[in-house]
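A look at the structure
Listed here are the chains, written in short residue letters.
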Amino acid sequence: MLRSLFVDFNSYFASVEQQLDPALRGRPVGVVPVMADSSCCIAASYEAKAFGVKTGTRVSDAKRLCPDIVLILADHAKYVQVHQQAVAVVDRIVPVRQVVSIDEMECELTGRWRERERALQLARQLKATLLAELGECMRTSVGIAPNRLLAKLASDMHKPDGLTVIEQHEIPERLYPLPLSAINGIGPRMVRRLGACGITRMEELYAAPRDVLITAWGGVAGSDMYDKLRGQWYGPQQTQTRSLGHSHVLPPDLRHPDGALAVLNRLVQKAAMRLRKQGFYARSMSVHVRCAHRYAREADGERWVQVGETQDTAFLLNTLQQLWMSGLHTLRRPVSVGVQLHGLVPAAQHTPDLFEAMPAKAHGASTTPNRTRNRARLLDAVDALNRAHGKNTVVFASAHAGRDHAPMRIAFNRIPDLDSER
């Protein structure tokens, strides 16, 4: 039974750029995080892909493979805005059950729409409406199958602009030509683990007993994969937020210790604002610095520390300074930096510090607001100003040199909040 309709936008970032700038249409386009030959393409148009340029291709290699490539600096705010428009269009035609990533979403087919011809009719209507309302460059590949995993695999079978159906009676034969890596979540490490279990091809993966997959995946995820490959229906994956953070590839003019620290300060302020917006407190913090490849790998640095339970920007910035001076400041040529906040606790479960929670007394008079409460009100006001007037309206001075860097970034499974990051 057909129950899942999966929508995948083709070369999404590059397609958005071509749609918004007609001069780029028909030309090879590469979208990059920074304008540097040492950077890499985070997206490539199909015209660029024809020359061998793909996601992850080093910019210097992209220029060699395709001398006429047009490099565009990524503007993630635009991609989020178009994504929001796309979700609204799709949801109007067939309810969106789950937004999987910035360029992917899954819809559930119900009633007679589960019949093959009706499902195909709905998919064609959806593709045509997206082109009409978002623009001619916003092509999609749609997969229809009994569940999301199989619909995703179907959407990848014919790109660009494909429409593929996998019915229950076609399983598993339709899957056999695919590599194991076609399944989301099977990366190089998982390929090695499967190989250790004697599984190197899709046919062997399908034929493997449930207990073998449980061993390969190290738990219940293997049992889930056994069922998914057989077309069993499953709901959206419920995930618990355990950490949040930001990372940034430094532009050439900031590839020195002072520049790296300024950007790290900016990243900490962004992460702390997200903590408060999402209603979490962090219990630990890590900082990492990656250095140029020509230096020894051992020159990279990472530090980690417990921070109690906090969402206080000033406290986290002070913690960053301590971690930085513990040895990270000696790294010679940093090229990327990152901050991660771990052990997130929902605000409703937050336990205030015993001493900070005790109200102060003024000469035996009535209770006055404690410093923690005042700090929280101050940070709320700062967040409100930045949301209303732009992210750099009010910043801590330590991030001054990096205030125009570390812009919005789109992770695979997180759509940025424009109010917090634009």
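The structure we're discussing is the one just above.
Model, not experiment: these values are computed from the prediction. (Residues numbered from 1 in each chain as written. Predicted model: local features only at pLDDT ≥ 70, side-chain atom pairs only at ≥ 80, totals over all residues. Heavy atoms only, no water.)

1. Comments concerning the sheet that holds strand β2 (residues 29-32)
Spelled out, the test is: Strands were regarded as paired on the criterion that DSSP finds at least two bridges between them. Helix and strand definitions follow DSSP, with helices as H or I runs of at least four residues and strands as E runs of at least two, each counted in order from the N terminus. Note on contacts: a residue pair is in contact if any heavy atoms of the two residues lie within 4.5 Å. Axes, fitted as lines to C-alpha atoms, cover a helix only where it is in contact. Angles between the N-to-C directions of the axes lie from 0 to 180 degrees.
Here three strands make up an open sheet; going across it, the order is β3-β2-β4 and the pairing mixed. Each edge of the sheet is formed by a strand with only one pairing partner; in this case those strands are β3 (43-44) and β4 (70-73). Sheet topology note: the β2/β4 ladder contains four bridges and is parallel. By the bridge assignment for β4, Gly 30 is matched with Leu 71. Strand contacts of helix α1 (residues 12-20): β2, β3 and β4, with the helix running at about 115 degrees to β2, the strand carrying the most contacts.

2. Notes on the pairing of strand β1 (residues 4-9)
Successive residues of a regular strand alternate their side chains across the two faces of the sheet. In plain terms, the rule: Note on classification: 1.4 Å probe, protein chains only; a residue is buried when its accessible area is under 20% of the maximum for its type, exposed when over 50%, partly exposed between these limits.
Along β1, six of the six residues are buried, which leaves the element largely enclosed by surrounding structure. What you see with β1 is no split at all: Ser 4, Phe 6 and Asp 8 on one side and Leu 5, Val 7 and Phe 9 on the other are buried throughout. Note that β1 and strand β7 (residues 140-145) share six bridges and pair antiparallel. In the sheet register, Val 7 faces β7, and the bridge partner there is Val 142. As defined by bridge partners, β1 adjoins strand β6 (residues 104-108) across five bridges and the pair is classed as antiparallel.

3. So, helix α11 (residues 257-278)
Applied cut-off: By definition here, a helix of n residues has an expected span of 1.5 Å times n minus one.
Taking 1.5 Å of rise per residue, 22 residues should cover 32 Å, and α11 covers 31 Å from first to last C-alpha, within 8% of that figure. Across the 22 residues of α11, 18 count as buried, placing the element largely inside the fold. The first or second residue beyond α11 is Gly 279, which carries a positive phi of 80 degrees.

4. Topic: the pairing of β7
Convention followed: By convention, orient the strands away from the viewer: a clockwise path from the first strand over the helix to the second makes the crossover right-handed.
With six of its six residues buried, β7 lies for the most part within the structure. Along β7, one buried face is formed by Thr 140, Val 142 and Ile 144 and the opposite face, lined by Ser 141, Gly 143 and Ala 145, is buried too. Sheet topology places β7 next to strand β8 (residues 163-165); three bridges connect them, and they run parallel. In the strand pairing of β8, Ile 144 is matched with Val 165. Handedness of the crossover joining β7 and β8 through helix α6 (residues 148-157) is recorded here as left-handed.

5. What about the sheet that holds β7?
Reading across from one edge, β5-β6-β1-β7-β8 is the order of the five strands in this open sheet, with mixed pairing throughout. In this open sheet, the two strands that pair with only one neighbour each are β5 (96-101) and β8. Direction aside, neighbouring strands of the sheet carry axes that sit 15 degrees apart on average. Bridging between β5 and β6 involves four bridges; their strand directions are antiparallel. By the bridge assignment, Val 99 is partnered in β6 with Met 105.

6. A word on the pattern of salt bridges
This is how it is decided: The term salt bridge refers to a pairing of a side-chain nitrogen on Lys or Arg with a carboxyl oxygen on Asp or Glu at a separation within 4 Å.
Counted according to the given criterion, the structure contains 21 salt bridges. Salt-bridge contacts for Lys 152 lead to Asp 8; the nearest nitrogen and oxygen are separated by 3.5 Å. You can see Lys 152 sitting in helix α6 and its partner Asp 8 sitting in strand β1, a full 144 residues away along the chain. Overall, the relative accessible area of 3% leaves Asp 8 in the buried class. Taking the shortest distance from any N to any O, the salt bridge between Glu 108 and Arg 114 comes out at 3.8 Å. Ionic contacts of the salt-bridge type, sharing partners, join the residues Asp 8, Glu 104, Lys 152, Asp 156 and Lys 159 into one network.

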